[in-house]
Amino acid sequence: MSVKIRLKKFGSKKRPYYRIVVQDSREPRDGRAIEELGIYHPVEAEERQIAFDADKVRYWLDKGAQPSDTVRRILNHKNFSL
C-alpha cells in the first residue's frame, strides 16, 4: 500500500478549505482518509492559513508516506524540514 500525505477538499465554490490528510494513493481525493494531520485555508489571513500537527507529520514521513507537491510546499512555507 502506497501512502500519501495530500489535501482533501472541503468548502464551497470560491471558498475552498482543505484538510491535510494521510490517504492510500488509490483513494479518490475526497475519499476515506487514514488520519487527518492539519488544515489549509487559503482565503484566511496569512497567519491563520496553515495549521498542522508536526509530530504526526514527522511520524508519517518516517513511516514512508510521500507528500504531494502542494503539501510539500505548504510544509516548507511553515519551515518544516522534510
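One numbering rule holds for all chains: residues counted from 1, following each sequence as written. With pLDDT at 70 or above as the cut-off, local features in this predicted model cover only qualifying residues; side-chain atom pairs require 80 or more to be listed or tallied, and sums for whole chains, interfaces and linings still use all residues. Excluding hydrogens and water, the side-chain figures rest on all heavy atoms present in the structure.

Student: Describe unusual backbone geometry, with residues and values.
Tutor: Despite not being glycine, Lys 14 has its phi angle at roughly 65°, a positive value. Its location among the elements puts Lys 14 in the loop between strand E1 (3-12) and strand E2 (15-24). Secondary structure elements are defined from DSSP: runs of H or I of at least 4 residues count as helices, runs of E of at least 2 residues count as strands, and each element is numbered from the N terminus.

Student: Got a sec to walk through the environment of Gly 64? Specific residues and values, please.
Tutor: In this fold, Gly 64 is placed in the loop between helix H1 (54-62) and strand E5 (66-67). For the pair Gly 64 and Ser 2, spaced 62 residues apart in sequence, the C-alpha to C-alpha distance is 8.6 Å.

Student: Could you give me a rundown of the environment of Gly 38, with the residues and numbers involved?
Tutor: Summarising the element assignment, Gly 38 is placed in strand E3 (residues 35-40). Think of it in three bands: residues with accessible area under 20% of the maximum for their type are buried, residues over 50% are exposed, and the middle band is partly exposed, with areas taken using a 1.4 Å probe on protein chains only. Here Gly 38 falls in the buried class, since its relative accessible area comes to 13%. Spatially, the C-alpha atom of Gly 38 lies 9.5 Å from that of Leu 7, the residues being 31 residues apart in sequence. The contact rule is simple, with two residues in contact once any of their heavy atoms fall within 4.5 Å. With residues near it in sequence (within four places) discarded, Gly 38 still touches Arg 19, Ile 20, Ala 51 and Phe 52.

Student: Which residues make up the pairing of E3, and what values do they have?
Tutor: Across five bridges, the pairing between E2 and E3 is antiparallel. Along E3, the bridge assignment pairs Tyr 18 with Tyr 40. By the convention used here, strands pair only if DSSP detects at least 2 bridges between them. As paired strands, E3 and strand E4 (residues 50-52) are joined by three bridges and run antiparallel to one another. Following the sheet pairing, Tyr 40 is matched in E4 by Ile 50.

Student: Provide a residue-level description of the nonpolar core, including the pertinent values.
Tutor: Side chains of nonpolar character tend, in soluble globular proteins, to be buried together. For the purposes of this section, nonpolar cores are sets of buried Ala, Val, Leu, Ile, Met, Phe, Trp, Tyr and Cys residues that join through side-chain atoms within 4.5 Å. Counting residues in hydrophobic clusters, the biggest one holds 16 residues, and the most contacted among them are Ile 5, Ile 20, Leu 37 and Trp 60. Residue assignment for this core shows that the elements contributing at least two residues are E1, E2, E3, H1 and helix H2 (69-77). Setting aside anything within four residues of it in sequence, one finds Ile 20 in contact with Ile 5, Arg 6, Leu 7, Glu 36, Leu 37, Gly 38, Ile 39, Phe 52, Val 71 and Ile 74.

Student: Help me get a handle on the environment of Leu 37, residues and values and all.
Tutor: Tracing the backbone shows Leu 37 in strand E3. For Leu 37, the contacting residues outside a window of four places in its chain are Ile 5, Ile 20, Val 21, Val 22, Phe 52, Asp 53, Lys 56, Val 57 and Trp 60.

Student: Tell me what's going on with the pattern of salt bridges, and back it up with residues and numbers.
Tutor: Any Lys or Arg side-chain nitrogen located within 4 Å of an Asp or Glu carboxyl oxygen qualifies as a salt bridge. Applying the stated criterion across every chain, the model contains six salt bridges. The shortest N-O distance in the salt bridge between Asp 30 and Arg 29 comes to 3.0 Å. Among the residues examined, Asp 30 registers a relative accessible area of 39% and is labelled partly exposed. The exposure class assigned to Arg 29 is partly exposed, which follows from its relative accessible area of 48%. A salt bridge links Glu 44 to Arg 48; its shortest N-O distance comes to 3.4 Å. Relative accessible area serves as the criterion here: at 54%, Arg 48 is assigned to the exposed category.

Read these as geometric descriptors, not functional statements.
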